[in-house]
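What the coordinates show
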Amino acid sequence: MAVPATDPPVPLRSGVLGVPVDVCADVFEAALALRDRGGGQIVTLNAEMTMAARANPELGRAIAAADLVIPDGAGVVWALGRQGHRVRRSPGIELARRLLEHGASHQWRLALVGGSPAVMERLVARLRAQIPGLELVLTAHGYQPVEAWSALEDRLLAARPDLVLVALGVPRQETWIHGLAGRRGGLWMGVGGSFDVWAGVKKRAPAWMGALRIEWLYRLVQEPRRWRRMLALPAFAWAVLRDR
Ligand code: UDP
């Protein structure tokens, strides 16, 4: 079968190293269409997460069952390009922000879960100041004691949110959202370190580093403890080059 050279209007499920990823013209439109179909899980896939999914079956299952998997990361875009898919990189932090702003102007019920207690406090204050009309039906930091999670889930589901952004880190945010399948409606999206950036605690790499595809280097300098996790990046490149 011929592989389309440009982004199709509706998401086309492709894959990188056996991990699914959707190729679509506009991830924002795809997310809105998903919400119109009743909602679902959005995953933002990068190289590190692809390798994690190959090593962690629970994460692999969560991604395979996700309703929209967007290419967030130069490595995934490069790997798709080798298969003939010319896609734009779609940073999850940008999609999440657009959905928040769209939700605020469309009376969506919004929920935020994750980040440290201090980050969540600053985040809520900042978002309320920056985005008029934001209806936050539930906010909860991500360091609740284990026994508190079940009641939090019940409150969250009872609040019937249209959009839930979840910053618990990979793989926990993906597997937690997946574990609520069948009980949840609306859009649910893992957003990694986005809350830290929006709260002003961490910075995104400058655009020129993104253009040079060395955002990982910026992240490594900001968070040197990530070096071990980042060994996944050369492993990813090597696996893609060997993959037929
Ligand atoms: N986090 C959390 N609870 C935890 C572990 C992490 O809320 O038990 C938050 C953490 O504060 C940060 C986010 O999850 O805001 C993870 O960010 P990171 O940049 O590590 O994301 P990843 O690279 O794993 O997607």
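Source: prediction; values computed, not measured.

Cut-offs applied
- Residues numbered from 1 in each chain as written.
- Predicted model: local features only at pLDDT ≥ 70, side-chain atom pairs only at ≥ 80, totals over all residues.
- Heavy atoms only, no water.
- Helix = DSSP H or I, 4+ residues; strand = E, 2+ residues; numbered from the N terminus.
- Rg over C-alpha atoms; globule rule 2.2 N^0.38 Å.
- Contact = heavy atoms within 4.5 Å.
- Areas by Shrake-Rupley, 256 points an atom, 1.4 Å probe, with all protein chains shown as cover.
- Lys, Arg positive; Asp, Glu negative; His and termini not counted.
- Charge placed at Lys NZ, Arg CZ, Asp CG, Glu CD.
- Salt bridge = Lys/Arg side-chain N within 4 Å of Asp/Glu carboxyl O.
- Buried < 20%, exposed > 50% of the residue type's maximum accessible area, 1.4 Å probe, protein only.
- Core = buried A, V, L, I, M, F, W, Y, C linked by side-chain atoms within 4.5 Å.
- Pairing = 2+ DSSP bridges.
- Axes fitted to C-alpha atoms, helices over the stretch in contact; angles between N-to-C directions.
- Parallel < 35°, antiparallel > 145°, perpendicular 65-115°, else oblique.
- Left-handed = near helix turned anticlockwise from the far one by under 90°.
- Nonpolar A, V, L, I, M, F, W, Y, C, P; charged D, E, K, R; others polar.
- Phe/Tyr/Trp six-rings, centres within 6.5 Å; stacked < 30°, edge-to-face > 60°.
- Lys NZ or Arg CZ within 6 Å of the ring centre and 35° of its normal.
- Near = heavy atom within 4 Å.
- Polar contact = N/O pair within 3.5 Å; in protein donor to acceptor, adjacent residues only side chain to side chain.

1. Comments concerning the overall build of the protein chain
A count of helices and strands for the protein chain gives 13 helices and eight strands. Its C-alpha radius of gyration of 17 Å places the protein chain within 12% of the 18 Å reference for a compact globule of 244 residues. C-alpha extents for the protein chain along the principal axes are approximately 45 × 40 × 35 Å. Pairs at least 24 apart in sequence give 69% of the contacts found in the protein chain among residues at least 6 apart. With the model as given, the accessible surface of the protein chain reaches about 12200 Å², and the carbon-plus-sulfur share is 55%. Distance from the positive charge centre (31 side chains) to the negative charge centre (22 side chains) of the protein chain: 5 Å.

2. Points about the pattern of salt bridges
Pairing is possible between side chains of opposite charge, provided their charged atoms come close. Per the stated rule, a full pass over the model turns up 16 salt bridges. The shortest N-O distance in the salt bridge between Lys 202 and Glu 223 comes to 3.2 Å. Of this pair, Lys 202 sits in the loop between helix H9 (194-198) and helix H10 (207-211) while Glu 223 is found in the loop between helix H11 (215-222) and helix H12 (227-230), placing the two residues 21 residues apart along the sequence. Residue classification places Lys 202 among the partly exposed positions, given a relative accessible area of 24%. Glu 223 is the partner of Arg 219 in a salt bridge, and the nearest nitrogen-oxygen pair spans 3.3 Å. Here Arg 219 falls in the partly exposed class, since its relative accessible area comes to 32%.

3. Digging into the nonpolar core
Membership of the largest hydrophobic core comes to 36 residues, with the highest contact counts inside it found for Ile 42, Leu 95, Leu 99, Leu 100, Leu 112, Leu 165 and Phe 195. Taken together, the elements giving at least two residues each to this core come down to helix H1 (27-36), strand E4 (68-71), helix H5 (92-104), strand E5 (110-114), helix H6 (117-130), strand E7 (163-167), strand E8 (186-190) and H9. If we skip the residues at most four places from it in the chain, Ile 42 touches Ala 31, Leu 34, Leu 68, Leu 95, Leu 99, Leu 187, Trp 188, Met 189 and Gly 190. Of all hydrophobic cores here, the second largest spans 24 residues; its members include Leu 17, Ala 47, Val 76 and Ala 239.

4. Brief notes about the sheet that holds E8
Overall, parallel pairing links the six strands, which are arranged E4-E3-E8-E7-E5-E6 in an open sheet. What marks the edges here is a single partner per strand, and that holds for E4 and strand E6 (136-140). Going from strand to strand, the sheet's axes swing by 15 degrees on average, the running direction of each strand aside.

5. Topic: the packing of H1 against H5
With their axes 10 Å apart at the nearest point, H1 and H5 run at an angle of 55 degrees to one another. As the angle between them shows, H1 and H5 are arranged oblique. H1 and H5 meet at a crossing whose hand is right-handed. The segment H1 lies against H5, with Val 27, Phe 28, Ala 31 and Leu 32 engaging Leu 95, Arg 98, Leu 99 and His 102. When the residues that make up the contact of H1 with H5 are grouped by side-chain class, the tally is six nonpolar, one polar and one charged.

6. Details of the packing of aromatic side chains
Applying the stated criterion to the full structure yields three aromatic pairs. Taken together, the aromatic side chains of Trp 149, Trp 176 and Trp 188 make up a single cluster linked through ring pairs. Across the ring face of Trp 198, the terminal group of Arg 97 is positioned such that the distance to the ring centre comes to 5.6 Å. Of note, Arg 98 hangs over the ring of Phe 28, and the distance from its end group to the ring centre comes to 3.9 Å.

7. Some words on the site of the ligand
Surveying the vicinity of the ligand reveals 16 residues, the closest of which are Gly 142, Arg 172, Asp 196, Arg 219 and Arg 226. At a separation of 2.9 Å, an oxygen atom of the ligand approaches a polar backbone atom of Gly 115. Contacts to the ligand include Arg 229, whose side-chain N or O atom sits 3.2 Å from an oxygen atom. About the coverage of the ligand: the protein hides 81% of its 550 Å² of free accessible area. Residue composition of the shell around the ligand, grouped by class: four nonpolar, seven polar and five charged.

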